[in-house]
Amino acid sequence: MTHSPEDIGFMQLALRQAQAAADAGEVPVGAVVVRAGQVIAYGHNAPLTRHDPTAHAEVNAMRAAAQVLGNYRLDDCTLYVTLEPCAMCSGAALHARFKRVVFGATEPKTGAAGSVLNLFAHEQINHQTQVTGGVLADDCAQVLKSFFEQRRADQQLSKVPLRDDALRTPDGAFAGLDVPLAMSRFTADLPALEGLRLHWFDNRQDGQSAPHVYLHGLDGWSLQYVAQLQSSAPVIALDLPGFGLSDKPKKVAAHRIAWHAQVLQEFLASVQPAPVALHVPRVMAPLLAKLPLPIHWMETSALPAALRDAPYPDHGHMAGPRALSTLLAAPMPPPERS
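Residues numbered from 1 in each chain as written. Predicted model: local features only at pLDDT ≥ 70, side-chain atom pairs only at ≥ 80, totals over all residues. Heavy atoms only, no water.

The name that an unreviewed UniProt entry assigns to the protein is tRNA-specific adenosine deaminase, with the source organism given as Limnohabitans curvus. Its UniProt record, at the heading Subunit (unreviewed entry), says of the protein: "Homodimer." Under the UniProt heading Catalytic activity (unreviewed entry), the note attached to the protein is "adenosine(34) in tRNA + H2O + H(+) = inosine(34) in tRNA + NH4(+)". (UniProt positions renumbered as here; feature names shortened; annotations may be inferred.)

Section: the nonpolar core
One finds Trp221, Leu264, Phe267, Leu278 and Met284 to be the most contacted residues of the largest nonpolar core, which totals 49 residues. Elements with a contribution of two residues or more to this core: strand S8 (198–202), strand S9 (212–215), strand S10 (235–239), helix H7 (257–270), strand S12 (277–281) and strand S13 (295–298). Ranked by residue count, the leading element in this core is H7, at 6 residues. Ranked by size, the runner-up nonpolar core spans 36 residues in total, among them Tyr80, Phe98, Val102 and Ala112. (Core = buried A, V, L, I, M, F, W, Y, C linked by side-chain atoms within 4.5 Å. Buried < 20%, exposed > 50% of the residue type's maximum accessible area, 1.4 Å probe, protein only. Helix = DSSP H or I, 4+ residues; strand = E, 2+ residues; numbered from the N terminus.)

Things to note about helix H1 (residues 5–23)
Spanning 19 residues, H1 covers 27 Å between terminal C-alpha atoms, matching the ideal 27 Å at 1.5 Å per step. Within the span of H1, buried status applies to Asp7, Phe10, Met11, Ala14, Leu15, Gln17, Ala18, Gln19, Ala21 and Ala22. In the segment just after H1, Gly25 is the residue with positive phi, at about 85°. (Expected span 1.5 Å × (residues − 1).)

With respect to the domain arrangement of the protein
Along its sequence, the protein is organised into domain 1 (5–136) and domain 2 (152–329). Each of domain 1 and domain 2 has a C-alpha centre, and the two are 38 Å apart. With 5 residues of domain 1 in contact, the opposing surface of domain 2 contributes 4 residues. Buried surface at the junction of domain 1 and domain 2, both sides included, amounts to about 270 Å², of which 57% is carbon and sulfur. Summed over the three residues of domain 1 that lose the most area to domain 2, namely Gln19, Ala22 and Asp23, the buried surface amounts to 92% of that side. Where domain 1 touches domain 2, the interface holds 0 salt bridges. Between domain 1 and domain 2 we count 0 residue pairs in polar contact (both at pLDDT 80 or more) in total. When the residues that make up the side of domain 1 that touches domain 2 are grouped by side-chain class, the tally is 2 nonpolar, 2 polar and 1 charged. (Domains from an automatic or database assignment. Contact = heavy atoms within 4.5 Å. Buried area = accessible area lost by both parts, 1.4 Å probe. Salt bridge = Lys/Arg side-chain N within 4 Å of Asp/Glu carboxyl O. Polar contact = N/O pair within 3.5 Å; in protein donor to acceptor, adjacent residues only side chain to side chain. Nonpolar A, V, L, I, M, F, W, Y, C, P; charged D, E, K, R; others polar.)

Quick notes on the layout of surface pockets
Empty space within the second largest pocket amounts to approximately 320 Å³. If you trace the second largest pocket, you find 18 residues lining it, with Val27, Val29, Leu83, Glu107 and Thr110 closest to the centre. Here the lining of the second largest pocket takes 4 residues from helix H5 (residues 137–158), the largest share from any one element. Looking at the lining of the second largest pocket, its residues break down into 9 nonpolar, 4 polar and 5 charged. (1 Å grid on protein atoms, 1.4 Å probe; cavity = no way out; pocket = protein on both sides within 12 Å on 5 of 7 lines; lining within 4 Å. Points joined across faces, edges and corners; volume = space filled by probe spheres on them.)

Section: the sheet that holds strand S7 (residues 184–187)
With mixed pairing, the 6 strands of this open sheet are ordered in space as S7-S8-S10-S9-S12-S13. Unpaired on one side and paired on the other, S7 and S13 mark the two borders of the sheet. Strand-to-strand twist of the sheet, defined as the mean angle between neighbouring strand axes without regard to direction, takes the value 25°. Sheet topology places S9 next to S12; 3 bridges connect them, and they run parallel. If you follow Val213 over to S12, its bridge partner there is Leu278. (Pairing = 2+ DSSP bridges. Axes fitted to C-alpha atoms, helices over the stretch in contact; angles between N-to-C directions.)

Some words on the UniProt feature "active site" (unreviewed entry) in the protein
If you check UniProt for "active site" (unreviewed entry), the listed places come out as Glu58 in our numbering. Note on placement: Glu58 falls in helix H3 (residues 57–69).

Structure representation (structure tokens):
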């Protein structure tokens, strides 16, 4: 079936909302409300963030639209949503008296616009809403597929046993903080890690763009680069072992310059496509001597105390920053770069 350019354009805007949901750690569903060819409201899934089982993308968009219009009736509006509405959202759309509901991917488990049942097809209901499905269905389905694939991968990595000589920051340390955990990635496969779990943030939606890689300094972690992660450029922000969300060897003696340099080299070699450049504070120069890619020196701004300290709930977690602060204190010439 061929869909109109107008429906495709508004569904693309709904997909942006779906990505915003994914970035917040929510199931990526997005919605927009359109009236007379103009977007008047939008919303995305937020039941986890708001502790609200009704905070589906459609409901959030409807509530916003009703506030804009000063009316709970939305009978001259069209609702665009990336996933077939459930029974709750279909019922709400009927109560709002939408003229049309347009959705992307079908939902075979809970869809109430034709998959499991079709509330819109009941002629006994006192309002009839036109339904169009399948608009950018593949794109909408891919956003969901990628999200759940990454979630399954993270669940497997969460089961990586913690070494006896290391610590792992609990998830609860980030409760209520603005940390883009949906961008978190982990590996324990690099030889130099010897079973430790390494963390980085990755803002690439397709995973196919050559990224700029950012490395923290001695008094921060990968969240120092949240502005870069929120940009449209492909960005990876890495935590060395002992920093941020990476596993943290408890012994200061474990944190040798040569070991951190080896971990960094192996990580950069594993990134595909190959990184464009490494952005790093100059204090980390002794770790970079053998790296073949361009290096750009960075000045990082300080994180608020709550975000700066979140990965370090006790003194044992501080072994890495303490060790490298000592080891890198002696002045060393930076590697030559053109």
